[in-house]
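# Examination of the molecular architecture
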Amino acid sequence: MLCCLAALGTAAFAAGCGVSTPSSSESPSDLVTWDAKQHRVEWTVIAGDGSANGGMNFDGYANGEMTLVVPVGWSVSMKFQNASLTPHSAMVVPEKDRARASFDASLLAFPGAETPNPSQGSPKGTQVDVVFTVSRPGTYALVCGVPGHALAGMWDKLEVSPQAKTPSLIVHGTS
């Protein structure tokens with residue numbers, strides 16, 4: 001059965017001290033669902049969702065304000081959409097590599113953890129499903145691979161945890 005993060009996501013969002021209010025089209029609790037039996041999480045990632053950070057955001061969050069925690073070994077199905085007139089992409093890289101001007105496939109944290117043509121990005125209205133397995137614990141960054149976008153703050157976090165039993169979505173305020 002597919003479970004929703006409504007209670008946990010809303011609690012994490014509401015409990016954050018100094019949480020900035022994104023101009024997102026989705027509530028944090030609507031961005032992640034999971035199937036514990038199948039060890040699969042579905043993550044909705046909307047690039048350029050609203051005006052937060054000048055449109056350089058995922059789901060209305062930027063600069064590491066949002067963290068998806070996933071148990072190690074689970075499959076992640078990222079439902080990527082570009083809502084912006086600016087081309088965007090998404091790829092998962094080690095957190096230490098997030099502050100780069102450009103990215104390539106050699107930096108991927110997990111095989112398949114990228115949208116097509118990450119350095120060129122995809123046009124507005126693009127919808128792509130990306131599936132990968134989080135095989136190693138650690139902290140990673142979801143970045144836009146279009147040159148300069150991650151440096152402009154278009155990145156958030158993916159934490160792969162050996163302690164987590166189910167996924168969770170945490171929203172941190174930076175303002």
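Going by the structure above, here's the rest.
Residues numbered from 1 in each chain as written. Predicted model: local features only at pLDDT ≥ 70, side-chain atom pairs only at ≥ 80, totals over all residues. Heavy atoms only, no water.

## Things to note about the overall build of the chain
Counting its secondary structure elements, the chain contains 1 helix and 10 strands. Counting from the amino terminus, helix and strand elements in the chain follow one another as β-α-β-β-β-β-β-β-β-β-β. With 175 residues in all, the chain has 51% of them scored as buried. Intrachain contacts of the chain at a sequence separation of at least 6 include 74% that bridge at least 24 residues. For the chain, the exposed area adds up to about 7,500 Å²; of that, 54% sits on carbon and sulfur atoms. (Helix = DSSP H or I, 4+ residues; strand = E, 2+ residues; numbered from the N terminus. Buried < 20%, exposed > 50% of the residue type's maximum accessible area, 1.4 Å probe, protein only. Contact = heavy atoms within 4.5 Å. Areas by Shrake-Rupley, 256 points an atom, 1.4 Å probe, with all protein chains shown as cover.)

## A word on the side chain of threonine 126
Summarising the element assignment, threonine 126 is placed in the loop between strand E6 (91-94) and strand E7 (127-133). What threonine 126 contacts, discounting residues up to four positions off in sequence, is Phe80, Gln81 and Asn82.

## Points about the nonpolar core
Within the largest apolar cluster, 44 residues are counted, with the highest numbers of intra-cluster contacts made by Trp43, Phe58, Val92, Phe110, Phe132, Val134 and Leu158. Among all residues touching tryptophan 43, those that are not within four sequence positions of it are Leu31, Val32, Asp59, Met66, Leu68, Val76, Ser77, Met78, Lys79, Leu142, Lys157 and Leu158. (Core = buried A, V, L, I, M, F, W, Y, C linked by side-chain atoms within 4.5 Å.)

## What to know about the environment of leucine 158
By the secondary structure assignment, leucine 158 is in strand E9 (residues 155-161). Along the primary structure leucine 158 and threonine 139 are separated by 19 residues, whereas in three dimensions their C-alpha atoms are 6.0 Å apart. Setting aside residues no more than four positions away along its own chain, leucine 158 makes contact with Trp43, Leu68, Val70, Val92, Phe110, Phe132, Val134, Gly138, Thr139 and Tyr140.

## What about unusual backbone geometry?
For residues other than glycine, phi is negative in most cases, and the peptide bonds are mostly trans. In this structure, histidine 39 is a non-glycine residue whose phi angle is positive, near 55°. Within the element layout of this structure, histidine 39 appears in the loop between strand E2 (32-35) and strand E3 (40-47).

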